[in-house]
2 protein chains.
Amino acid sequence: MSKTVLVLGGDGFCGWPTSLHLSAKGYHVVIVDNFVRRRIAEDLGAPSLTPIANIDKRLDSWKKVSGHDIDVVELDVAQNYTELRRLLATVKPDAIVHFAEQRAAPYSMRDAARKTYTVDNNINGTHNVLAAIAELRLDTHLVHLGTMGVYGYDGDGLEIPEGYLDVTVEGPDGTRYPRSILYPTKPGSIYHLTKSMDQLMFQFYARNDGLKITDLHQGIVWGTQTEETRLDPALINRFDYDGDYGTVLNRFLMQAAAGHPLTVHGTGGQTRAFINIQDTVRCIALALGSPPASGDAVRIINQVAETHRVRDLARLVAELTGAEIDFVDNPRVEAAENDLAVSNATFKNLGLQPIMLRDALLTETVDIALRFLDRANLATVPATALWKGPVQGDDPLLVASRVAAE
Amino acid sequence: MSKTVLVLGGDGFCGWPTSLHLSAKGYHVVIVDNFVRRRIAEDLGAPSLTPIANIDKRLDSWKKVSGHDIDVVELDVAQNYTELRRLLATVKPDAIVHFAEQRAAPYSMRDAARKTYTVDNNINGTHNVLAAIAELRLDTHLVHLGTMGVYGYDGDGLEIPEGYLDVTVEGPDGTRYPRSILYPTKPGSIYHLTKSMDQLMFQFYARNDGLKITDLHQGIVWGTQTEETRLDPALINRFDYDGDYGTVLNRFLMQAAAGHPLTVHGTGGQTRAFINIQDTVRCIALALGSPPASGDAVRIINQVAETHRVRDLARLVAELTGAEIDFVDNPRVEAAENDLAVSNATFKNLGLQPIMLRDALLTETVDIALRFLDRANLATVPATALWKGPVQGDDPLLVASRVAAE
């Protein structure tokens, strides 16, 4: 009998291709989603560049091309513990892949309403899932999508290990005590903060209730299509390029496609980790295939292929497309320049051979950004969220510039 | 002009005597409370041993004995951001003392409903306060009541510093990199988990928004009355002795007063930190008097007078009262025996001379436990929350015994 996986947030940018990939691999997939991502995109006036079908059309098309059924349940896991519990009691899933969190850092910093929404949704959603598995005493493996951002971006250049850090504490007599600790987080936004808080909940439920949990600390995901989403136009994945949900790379691609200069915030010296969406879905399948044991501490794996400075990324896109580069003020409270070295030993050992930006970026530009350029609303590209609210009477741009200089 | 302090949870066990103490010290106090603690006590069939007056009676009596007005606002800070923001915008408090969290570890472990309630209430409440101060750009000093429990109780015997730990990380070439990190938490219950998560929110808002925050990591509070609550019978503070909200010492005192044996869970080798309620209110006044600067990291102070093993505490009570001691299974997932050394340098340096258990315990027994014994419902004394839910078909007591043996 095939194994059952719930994909929470299975209609979203990572959740949808993951659902298809796991279905193709023979899992019985149940998508659980409240479809809030589509509503937020409408509210922001920033729908997906790619024309995404509604969930019924998506699932019908998948059935046609693959022969597989994917079930769907409309449910807000953060707001409805009772229904979530009932669903888990009925389905008794072998695994849950949990994407059901508000996942945009700029959106989480827009204003107090978005801050409180992000905290409420992400923390209660994650905790409800944990509490339900514990209450029902299920043997379910929970795979959660975390972020590289919890590690912070102002380290001392040492390679970031996978979730845990070996340190020594010196006693009063000079004796050195070794300890292995959860990597101390330094989140740069409310969104990243919630992922840091998630980590503590995972530590607790793994320890107290023996839950089997894998937390994937993912880099910035780029790319749009996977093997499965390419099988039919109705399966196409979403592509966001707005200042809230679009990642730096997608915004560069849109600017390049439109013949605009690429907008780099600050010096562009920020180093970030990246992974292609195809590798995201592969990594999740690998993680599902090797669950931790009950009683283990939460397993943390870095889901990362490579690191780049933002300005080098801009140069790469410029090189491929002939675009100019424009340096503007940085609204974020973050280090202007940082080094970032990160271990991805676990997935390398499990056989991952990642797709690299340099090899696949041109395809992405042609297949997505240029192909759908006429659907784009370029006014949404600039990031508008200020990491600190404007001082009364101040020009927001002056504040942004002051913040960037800190 | 006197300074204004909001006391969130100002009707509760610590909040009420704090409100009176700050009022006596000349602060303009505004109590903000949703009175949920009184409703939970009713639901549990475990009202305060002491006959506590309603809030109007309390405030009238305080006005009569002191001449001071205390204002009160009924508000759920976790559920109503808009009203909280409006209140802060109107009052522009110099400081906020934040007790408005569900504060019982056993209650937080009772069942899924109480777990999700504790997370939802504590995280959203604390975050709403932070988001509102940040949105309004107030210069308010936030003083939050944390707990010693976030440090965990299975350390290596090194003295626990105040919130931050100096560690070294060894690089691949043997170079040692020093780092000062938030003390890695190891919470033992959902309640303690929320306080660990609070700490990350404080770190973020201090860093991103320049908020001035003091987090007081408090030991187990014992005692009932303070200088101010003793001034009139209608000012008396609450005394909880039930298995959910009663601390270990209060339950010993009630058992002793009733002539029952003192119930010690496990070996009683658990070491915990203690502080008297009178010192709680003094410490909060001291913390308010010396706020951190904007731009400082969250300031963490250990609010602790002494540490004792639970069995030594039982022996002390037995010695004073002639009670027997009864060892029973431990429902908690925790180390059977632990050492605990903890720094309280900050408050010592600020002049605190704490009240010690050995000197004041007899008064507490006579003034509270014996005096109100006829009001007691001793059936509520045993702790009933199991740290792990019962296995289907298992006798809960067998589960408790298995858990205790782990």
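Definitions and cut-offs
Residues numbered from 1 in each chain as written. Chains lettered and ligands numbered in written order. Predicted model: local features only at pLDDT ≥ 70, side-chain atom pairs only at ≥ 80, totals over all residues. Heavy atoms only, no water. Helix = DSSP H or I, 4+ residues; strand = E, 2+ residues; numbered from the N terminus. Contact = heavy atoms within 4.5 Å. Expected span 1.5 Å × (residues − 1). Buried < 20%, exposed > 50% of the residue type's maximum accessible area, 1.4 Å probe, protein only. Polar contact = N/O pair within 3.5 Å; in protein donor to acceptor, adjacent residues only side chain to side chain. Buried area = accessible area lost by both parts, 1.4 Å probe. Salt bridge = Lys/Arg side-chain N within 4 Å of Asp/Glu carboxyl O. Pairing = 2+ DSSP bridges. Phe/Tyr/Trp six-rings, centres within 6.5 Å; stacked < 30°, edge-to-face > 60°. Axes fitted to C-alpha atoms, helices over the stretch in contact; angles between N-to-C directions. Parallel < 35°, antiparallel > 145°, perpendicular 65-115°, else oblique. Left-handed = near helix turned anticlockwise from the far one by under 90°. Nonpolar A, V, L, I, M, F, W, Y, C, P; charged D, E, K, R; others polar. Least-squares fit on C-alpha atoms with pLDDT ≥ 70 in both. pLDDT = per-residue confidence, 0-100.

(A) Molecular detail of the side chain of A:H217. By secondary structure assignment, the location of A:H217 is in strand β8 (residues 212-218). Once you skip the residues sitting within four places of it in the chain, A:H217 turns out to touch A:G146, A:T147, A:M148, A:V150, A:Y151, A:Q199, A:I300, A:I301, A:N302, A:Q303 and A:V304.

(B) Looking closely at helix α9 (residues 277-289) of chain A. Residues and elements named next belong to chain A. Compared with the 18 Å implied by 1.5 Å per residue over 13 residues, the 19 Å span of α9 between its first and last C-alpha is a close match. α9 sits mainly inside the fold: ten of its 13 residues count as buried. Taken residue by residue, α9 has I277, Q278, D279, T280, V281, C283, I284, A285, A287 and L288 as its buried positions. Between the side-chain oxygen at the start of α9 and the backbone nitrogen of Q278 there is a gap of 2.8 Å, and the oxygen is on N276.

(C) Here's a closer look at the interface of chain B and chain A. Each side of the interface is counted separately: chain B has 54 residues, and chain A has 54 residues. Both faces combined, the contact of chain B with chain A buries some 4,700 Å², and carbon together with sulfur accounts for 59% of it. Our count for the contact surface shared by chain B and chain A stands at two salt bridges. Between A:R176 and B:E170 there is a salt bridge, and its shortest N-O distance comes to 4.0 Å. Connecting chain B to chain A are six residue pairs in polar contact (both at pLDDT 80 or more). Counting only elements with at least two residues in the side of chain B that touches chain A, the list comes to α6 (112-136), β6 (164-170), β7 (176-182) and α7 (190-209) of chain B. The greatest single-element share of the side of chain B that touches chain A, amounting to twelve residues, is contributed by α7(B).

(D) View of the pairing of strand β12 (residues 299-303) of chain A. Residue and element names in this part refer to chain A. Counted residue by residue, β12 has five buried out of five residues, so it is predominantly covered. Of the two faces of β12, the one holding R299, I301 and Q303 and the one holding I300 and N302 are both buried throughout. Note that β8 and β12 share five bridges and pair parallel. Its bridge partner lying in β12, T214 is registered against R299.

(E) Spatial organisation of the packing of aromatic side chains. Residue and element names in this part refer to chain A. If you walk through the whole model with that rule in mind, you get six aromatic pairs over all chains. When the centroid spacing of 5.4 Å and the interplanar angle of 45° are considered together, the rings of Y107 and Y245 count as tilted. Linking Y107 in helix α5 (residues 105-108) with Y245 in the loop between β9 (220-222) and α8 (248-257), this pair joins segments that are 138 residues apart in sequence. Accessibility assignment for this pair places Y107 and Y245 in one class, buried.

(F) Main features of the pattern of salt bridges. Residues and elements named next belong to chain B. Counted by the stated rule, this structure contains 42 salt bridges over all chains. A salt bridge links D240 to R103, with the nearest nitrogen and oxygen atoms 3.1 Å apart. Here D240 is found in the loop between β9 (220-222) and α8 (248-257), whereas its partner R103 is found in the loop between β4 (95-98) and α5 (105-108), with 137 residues between them in sequence. Residue classification places R103 among the partly exposed positions, given a relative accessible area of 28%. Across the pair E319 and R358 runs a salt bridge, and its minimum N-O distance is 3.4 Å. Residue E319 is located in helix α10 (residues 310-321), and its partner R358 is located in helix α12 (residues 357-370); the two are separated by 39 residues in the primary sequence.

(G) Summary view of the packing of α10(B) against α12(B). All names here are of chain B. Two elements in contact, α10 and α12, have axes whose closest approach is 10 Å; the angle formed by their N-to-C orientations is 55°. One element, α10, and the other, α12, form an angle in the oblique class. The element α10 and its partner α12 pack so that their crossing is right-handed. Of the residues in α12, those in contact with L313, L316, V317, E319, L320 and T321 of α10 are L357, R358, L361, L362 and T365. Classifying every residue of the contact of α10 with α12 by side-chain character gives seven nonpolar, two polar and two charged.

(H) Region of interest: the relation of the copies chain B and chain A. Here chain B sits on chain A after a turn of 180° about the axis and a move of 0.0 Å along it, with an RMSD of 0.0 Å. Such a turn and shift between the copies fits a two-fold axis. Both copies present the same face, since 100% of the interface residues in chain B are matched by interface residues at the equivalent positions in chain A.

(I) Spotlight on the confidence of the model for chain A. Residues and elements named next belong to chain A. Confidence in the prediction of chain A, expressed as mean pLDDT, is 91, and 95% of residues score 70 or more. Per-residue pLDDT stays below 50 along residues 390-406; that stretch engages in 22 contacts with residues further than four places along the chain or on separate chains. Interface confidence for the predicted complex, given as ipTM, is 0.94, next to a pTM of 0.94.

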